[in-house]
Amino acid sequence: MKKKIEELTREFLNERLKDPTYQRHYREEQMRGYLGKSIAALRKKKKMSPEEFARKLGTKTEALNRMEKGEYGRYTLKSLLDMAQATDTYLRIDFGSEPE
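Presented here is a report on the structure given in the accompanying data block. Because the structure is predicted, anything quoted here is derived from the model rather than measured. (Residues numbered from 1 in each chain as written. Predicted model: local features only at pLDDT ≥ 70, side-chain atom pairs only at ≥ 80, totals over all residues. Heavy atoms only, no water.)

1. What to know about the nonpolar core
So, point 1. With 11 residues, the main nonpolar core is built from Ile39, Met48, Phe53, Ala54, Leu57, Leu64, Met67, Tyr75, Leu80, Met83 and Ala86.
So, point 2. Mapped onto this core, the elements with two or more residues apiece are α3 (50-57), α4 (61-68) and α5 (77-86).
So, point 3. Sequence-distant contacts of alanine 86, defined by excluding residues within four places in its chain, comprise Met48, Phe53, Lys56 and Leu57. (Core = buried A, V, L, I, M, F, W, Y, C linked by side-chain atoms within 4.5 Å. Buried < 20%, exposed > 50% of the residue type's maximum accessible area, 1.4 Å probe, protein only. Helix = DSSP H or I, 4+ residues; strand = E, 2+ residues; numbered from the N terminus. Contact = heavy atoms within 4.5 Å.)

2. Side note on unusual backbone geometry
So, point 1. With phi around 55°, lysine 47 is a residue other than glycine that occupies positive phi space.
So, point 2. Inspection of the secondary structure assignment puts lysine 47 in the loop between α2 (20-45) and α3.
So, point 3. Residue aspartate 88 is not a glycine yet carries a positive backbone phi of 55°.
So, point 4. The topology assignment puts aspartate 88 in the segment after α5.
So, point 5. In this structure aspartate 88 comes out as exposed when scored by relative accessible area, which is 68%.

3. Focus: the packing of α3 against α5
So, point 1. Packing of α3 against α5 brings their axes to within 9 Å, and their N-to-C directions diverge by 120°. Classified by the angle their axes make, α3 and α5 are oblique. Our pair here, α3 against α5, has a crossing hand that is right-handed. Here α3 contributes Phe53, Lys56 and Leu57 to the contact with α5, which in turn contributes Asp82, Met83 and Ala86.
So, point 2. Of the residues assigned to the contact of α3 with α5, the class counts are four nonpolar, no polar and two charged. (Axes fitted to C-alpha atoms, helices over the stretch in contact; angles between N-to-C directions. Parallel < 35°, antiparallel > 145°, perpendicular 65-115°, else oblique. Left-handed = near helix turned anticlockwise from the far one by under 90°. Nonpolar A, V, L, I, M, F, W, Y, C, P; charged D, E, K, R; others polar.)

Structure representation (C-alpha cells):
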C-alpha cells in the first residue's frame, strides 16, 4: 500500500512538473530548503547555538530559524557573506542540476 501511495505521488508530481510555472516554484522551494539545510549544517559544524549565530549576524533567533527551515527567500550576497564571516568560512556558490 505504501509503495502504491509513493508511486502515485511521484506520478502526480511528474505530471505537475510539466507546467513551467509550477516547475519554477517547485525548484525555488527546493533551493530554499537546500540553502536552509546548508545554513543549519554550517552553524552546527561550527558548534554555535542559534542564539549565538543570530547575534553574530545581527538578527533575531526567529529570523534565523526561518532561514534554517527554508522559509526565507530574500537573501542578498551581503547576508550570505555575513554568514561566512560569522563562521570564519568562505562562501562558495556553484550551479548544478540538483542539490545533493
